[in-house]
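If you want the building blocks of each chain, they are given just below.
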Amino acid sequence: MSESNEFVRKVAEEKYKFGFTTDIHTEIIDKGLNEDVIRTISSKKGEPEWLLEFRLEAYRYWLTQKQPEWGHLKMPDIDYQAISYYADPTKKKKDSGSKEIDPELMKTFDKLGIPLEERLALSGTAVDAVMDSVSVKTTFKERLAEKNIIFCSISEAVREYPELVRAYLGSVVPYRDNYFAALNSAVFSDGSFVYIPKNTRCPMELSTYFRINARNTGQFERTLIVCDEGSYVSYLEGCTAPMRDENQLHAAIVEIVVMDNAEVKYSTVQNWYPGDADGKGGVLNLVTKRGHLRGVNSKLSWTQVETGSAITWKYPSCILTGDNSQAEFYSVAVTNNYQQADTGTKMIHIGKNTRSTIISKGISAGRSQNSYRGLVKVGANADGARNYSSCDSLLLGSLCGAHTFPYMDVHNNTATVEHEATTSKISEEQLFYCNQRGISTEEAVGLIVNGYAKDVINKLPMEFAVEAQKLLSVSLEGTVG
Amino acid sequence: MNGGKQYIDLYRESREIIMQHSASLMNAVRDEAFGCFERIGFPSRKVERYKYTDVEKAFAPDYGLNLTRIDIPVNPQDVFKCDVPNLSTQLFFMENDAFYKGNQRSVLSEDGVIITSLKKAADKYSDIVGKYYSKLADVTSDSITALNTAFAQDGLFVYVPRNVQLKRPVQIVNILRSGVDMMVNRRVLIVLEEGADATFLFCDHAMDNVHFLTTQVIEVFVADNAHADIYELEETHTKCKRFSNLYIKTGGYCTVSHNNITLFNGLTRNTTDVILDGEYSELTLNGCVVADKKQYVDNNTLIDHRKPNCTSNELYKYVVDESAVGAFAGRILVQKDAQHTVSQETNANLCVTKEARVYTQPMLEIYADDVKCAHGSTIGLLDESALFYMQQRGISAEEARMLLKFAFVGQVIEQVKLEPLRDRLQRLVEKRFRGELNKCIGCAICK
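Residues numbered from 1 in each chain as written. Chains lettered and ligands numbered in written order. Predicted model: local features only at pLDDT ≥ 70, side-chain atom pairs only at ≥ 80, totals over all residues. Heavy atoms only, no water.

## Topic: the overall build of chain A
And then number 1: In terms of regular secondary structure, chain A is built from 12 helices and 24 strands.
And then number 2: Expressed as a percentage of its 481 residues, the buried residues of chain A come to 60%.
And then number 3: Of all intrachain contacts in chain A linking residues separated by at least 6 positions in sequence, the fraction that spans at least 24 positions is 83%.
And then number 4: With the model as given, the accessible surface of chain A reaches about 18900 Å², and the carbon-plus-sulfur share is 48%. (Helix = DSSP H or I, 4+ residues; strand = E, 2+ residues; numbered from the N terminus. Buried < 20%, exposed > 50% of the residue type's maximum accessible area, 1.4 Å probe, protein only. Contact = heavy atoms within 4.5 Å. Areas by Shrake-Rupley, 256 points an atom, 1.4 Å probe, with all protein chains shown as cover.)

## Regarding the overall build of chain B
And then number 1: From N to C terminus, chain B includes 11 helices and 21 strands.
And then number 2: For chain B, the C-alpha radius of gyration of 21 Å lies close to 22 Å, the compact-globule estimate for 447 residues.
And then number 3: The principal-axis extents of the C-alpha atoms in chain B amount to approximately 70 × 55 × 50 Å.
And then number 4: A separation of at least 24 residues holds for 83% of the contacts in chain B among residues at least 6 apart in sequence.
And then number 5: Carbon and sulfur atoms provide 48% of the accessible area of chain B, an area that totals close to 16700 Å².
And then number 6: Computed over 52 positive and 59 negative side-chain charges, the separation of the two mean positions in chain B equals 3 Å. (Rg over C-alpha atoms; globule rule 2.2 N^0.38 Å. Lys, Arg positive; Asp, Glu negative; His and termini not counted. Charge placed at Lys NZ, Arg CZ, Asp CG, Glu CD.)

## A few points about the packing of helix α9 (residues 428-436) of chain A against helix α10 (residues 441-452) of chain A
Packed helices, taken two at a time, are described by the angle their axes make and the gap between the axes.
Residue and element names in this part refer to chain A.
And then number 1: One can describe the packing of α9 onto α10 by two numbers: an axis separation of 9 Å at closest approach and a directional angle of 125 degrees. The angle between α9 and α10 places the two elements in the oblique class. Judged by the twist between their axes, the crossing of α9 over α10 is right-handed. Between α9 and α10, the contacting residues are Q430, L431, C434 and N435 on the first element and T441, A444, V445 and I448 on the second.
And then number 2: In terms of residue class, the contact of α9 with α10 is built from 5 nonpolar, 3 polar and no charged. (Axes fitted to C-alpha atoms, helices over the stretch in contact; angles between N-to-C directions. Parallel < 35°, antiparallel > 145°, perpendicular 65-115°, else oblique. Left-handed = near helix turned anticlockwise from the far one by under 90°. Nonpolar A, V, L, I, M, F, W, Y, C, P; charged D, E, K, R; others polar.)

## Observations regarding the interface of chain B and chain A
And then number 1: Each partner contributes to the interface: chain B provides 35 residues, whereas chain A provides 34 residues.
And then number 2: Buried area between chain B and chain A, summed over both chains or domains, comes out near 2700 Å², and the portion from carbon and sulfur atoms is 51%.
And then number 3: Three residues stand out in chain B for area buried against chain A, namely K354(B), D369(B) and I379(B), and they jointly supply 22% of the buried area on that side.
And then number 4: Taken together, the connections running from chain B to chain A amount to 2 salt bridges.
And then number 5: As a salt-bridge pair, K425(A) and D370(B) come within 3.7 Å of each other at their nearest N and O atoms.
And then number 6: Our count for the chain B to chain A interface comes out at 16 residue pairs in polar contact (both at pLDDT 80 or more).
And then number 7: Every element with two or more residues in the side of chain B that touches chain A is listed here: β20 (357-366) and β21 (372-380) of chain B.
And then number 8: For the side of chain B that touches chain A, the class distribution of residues is 17 nonpolar, 9 polar and 9 charged.
And then number 9: Strand direction decides the pairing type here: strand β23 (residues 401-410) of chain A and β20(B), joined by 6 bridges, are antiparallel. Following the sheet pairing, A402(A) is matched in β20(B) by I366(B). (Buried area = accessible area lost by both parts, 1.4 Å probe. Salt bridge = Lys/Arg side-chain N within 4 Å of Asp/Glu carboxyl O. Polar contact = N/O pair within 3.5 Å; in protein donor to acceptor, adjacent residues only side chain to side chain. Pairing = 2+ DSSP bridges.)

## Some remarks on the confidence of the model for chain A
Residues and elements named next belong to chain A.
And then number 1: Of all residues in chain A, 89% attain a pLDDT of 70 or more, and the chain-wide mean is 84.
And then number 2: Scored below 50 in pLDDT, residues 1-14 makes 5 contacts in the model with residues more than four places away or belonging to other chains.
And then number 3: Counted against residues more than four places away or in other chains, residues 93-98, with its pLDDT under 50, gives 2 contacts. (pLDDT = per-residue confidence, 0-100.)

## What to know about unusual backbone geometry
And then number 1: Despite not being glycine, N337(A) shows a phi value in the positive range, around 50 degrees.
And then number 2: With respect to the helices and strands, the residue N337(A) is situated in the loop between β17 (326-335) and β18 (340-343).
And then number 3: Positive phi values are uncommon outside glycine, yet E322(B) reaches one of about 50 degrees.
And then number 4: For E322(B), the position within the fold is in the loop between β17 (311-320) and β18 (325-334).

## Regarding the nonpolar core
The nonpolar side chains of soluble globular proteins are, as a tendency, buried together.
And then number 1: Ranked by size, the top nonpolar core spans 98 residues in total, and within it L206(A), I256(A), L156(B), L192(B) and F200(B) carry the most contacts.
And then number 2: Apart from residues no more than four positions distant in its own chain, I256(A) is found in contact with V172(A), I225(A), V264(A), Y266(A), R290(A), G291(A), H292(A), L300(A) and W302(A).
And then number 3: Ranked by size, the runner-up nonpolar core spans 56 residues in total, among them A157(A), Y179(A), A182(A) and L249(A). (Core = buried A, V, L, I, M, F, W, Y, C linked by side-chain atoms within 4.5 Å.)

## As for the environment of T346(B)
Residues and elements named next belong to chain B.
And then number 1: With respect to the helices and strands, T346 occurs in strand β19 (residues 342-351).
And then number 2: Of the residues examined, T346 reaches a relative accessible area of 26% and is grouped as partly exposed.
And then number 3: Distance from T346 to T140, taken between C-alpha atoms, is 30 Å for residues 206 residues apart in sequence.
And then number 4: Discounting chain neighbours no more than four positions away, the residues touching T346 are E314, L315, Y316 and G376.

## Thoughts on the confidence of the model for chain B
Residue and element names in this part refer to chain B.
And then number 1: A residue-level look at chain B finds 91% of positions with pLDDT of 70 or above and a mean pLDDT of 87.
And then number 2: Confidence drops under a pLDDT of 50 for residues 439-447, and excluding neighbours within four residues, the segment shows 21 contacts in the predicted structure.
And then number 3: For this predicted complex, the interface score ipTM comes out at 0.81, while the overall pTM is 0.86.

## So, α10(A)
And then number 1: Taking 1.5 Å of rise per residue, the 12 residues of α10(A) would be expected to cover 16 Å, and the 16 Å separating its terminal C-alpha atoms lies within 8% of that figure.
And then number 2: Three or more residues of α10(A) are buried, namely A444(A), V445(A), G446(A), I448(A), V449(A), N450(A) and Y452(A). (Expected span 1.5 Å × (residues − 1).)

Printed below as a string of structure tokens:
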């Protein structure tokens, strides 16, 4: 018994290998949130007046709102005044005005497996690396520029392409959308901006890597992707954070606009620090992600692998306005120890002959709670709308919970909406079969879970799929026995 | 909250009269229930369980209440002809919320079975009623239950002693009668002792062409090894609003089934909460809704698996036509220790017109790992290829459509265990689809 305990402890300690901190000079503004703080953030980023106005309006709206409580989550109290809303690790100690990136930073991203030097990049993936509130570097910008593709940090986009940003920022997720969207709109720092011009197929995968480093800070990233007529882009997002005893807040917004005949693939592997085995610390991941399928025949696909975060509150959604548009949502959410996840999607059918697919796989272990929450809404004019949803939950251990809360609102008689869900544990027969063939129970669980999640993992781009598979196994280590 | 004010004022004004015309056991919990209602008020649309029904609006109009228990001179046997042929039932009438005085025998003494007025039973059998009354219906969490507990003065009481099997089903015909707009607060208490076996059929009818608002709380206690089949059939009219909360608690090794069929109504909200509090019990919850015009039906169920090795099956089917609205929310809760639970929940909806609306929300909340739970939900239209197939074989499009709709709800009707009732329901549903059945024969409006 004690032996196995030791093993579990060892695994738990090893498990989160991205939990290190980088000792680097970081300029952090004072804790607290008020209009002056927002003005400071805005001026540090050299933003135009309209954006400051947008932030202030969002902040004033946020003040009137209450934190939502409807999630199946036990949320710790968040003291919004105890957080610093801007941390810049690229700022050198006084007077060194050079443009060089601090080698410490380079090392950090190397350690995370994200090479910032283009010659080191294994595959053709362009990366925008964001640490705390600032984008450190965006690679392959020049090569993308040849095709007139814009891929840069959102701060840069505000400076270089203000009219583009202004036209789309807040058009999919308005600041009045929800509490955390309002907070993000008020204080958002960095994130990526992508613009794919008409009839262009983006030649490489675009990716953003988010890293929280500084203590007592929150990360409020903002990503905006616009895919113009007849274009295609595949976008990846990854994230990690150091191991800390206190909760850290991450409230992001991702907006995607898809025009006529365009296609966007958005993949996330979320691996924020999940807290330790006793549920101490971890990132509160409170995110609003939404895509607007504006054009006819447009297509948007969300794929997410959620393994990290103490609390995940995330519903990547699609508004299907364009006729014949198609939306997909594939999700694997793994929770272990004291993690809590309340995640799912919203599919809002407005245009005619719109189609959506939802495949969600939840895996709960330890004492975690894992919920799927989704809405399929078919408007009165969405003739011929079609939806298929399937949510499966797998339970490992008798102390965890798996829940499904699907909502279906149908206002059109030509729509077909189907939903099915199952909850079960790993089949004893499958485990026995593996054991018989000399595969240890732990390995067998890993194999079965990977097989179970395959529908979703297959949708990920190659490099991510490999990482996701490893992550799944690691997240579940120590759950058997 | 404002909608609740008139009821708060009414209670304060007429507390004495209500109590005077009721039994002391029922009065004992009244003030507490009222306190709860005063505190929580009517649920807004933001309350998850009442998301689809605007309760405040339904309770807003001014209804009369028969607090002083004035007799309505009517013989239900004369006006009521809606019996089920070949089904020899023990027939009882409920006039609004009161046990009809002309009912055959109010107490079936031979086996110790009691079927009588709740008010009378509360005095006469105070030991039994006191043990069960308002023990299951939670006044703190549901304002309809709180309101009903505060205002209910009478109702029905059924007691089936140990190992007694009722050979004939008990049919209770709830008749709504009034010359003016009326609010009725009916209360039903059913107690089945160990090994008892009984079948109940509740039929709701409205006789007068006025607005009725009914709140009903049914508490059913099913002890170990007992068996209960409960059928509810609503055939009222478009001016009727019904808020019915059914609470069932089972022991171990029980078999319980509940069939809720809504054919005609105005606004209906049925809340069904079942607690499986013993091992190896089996529960079946079925429902069937046929709605058109501006009918509104909201079924909300909760199955609480508290003990291991129980099975539950739930099947609700809706046909929503014209500008009717159908809502279904079913929550299956499997508690931490309820290992080896098997649960299956299905909700299927046919949306016939563009104006019809369907909301569905099947939920699973599971805290035990060794379980098999699944739910499925569909919203769709009639199968085009099946329609085409039938038309190829000389069946008119209209008839084919009718047949498909009939087959669709047939799955629920087939599960009715009483054969004559099943036949009768099949005919009723068929007539309903053909538009022939507008009201039951006895009703004042359709005469």
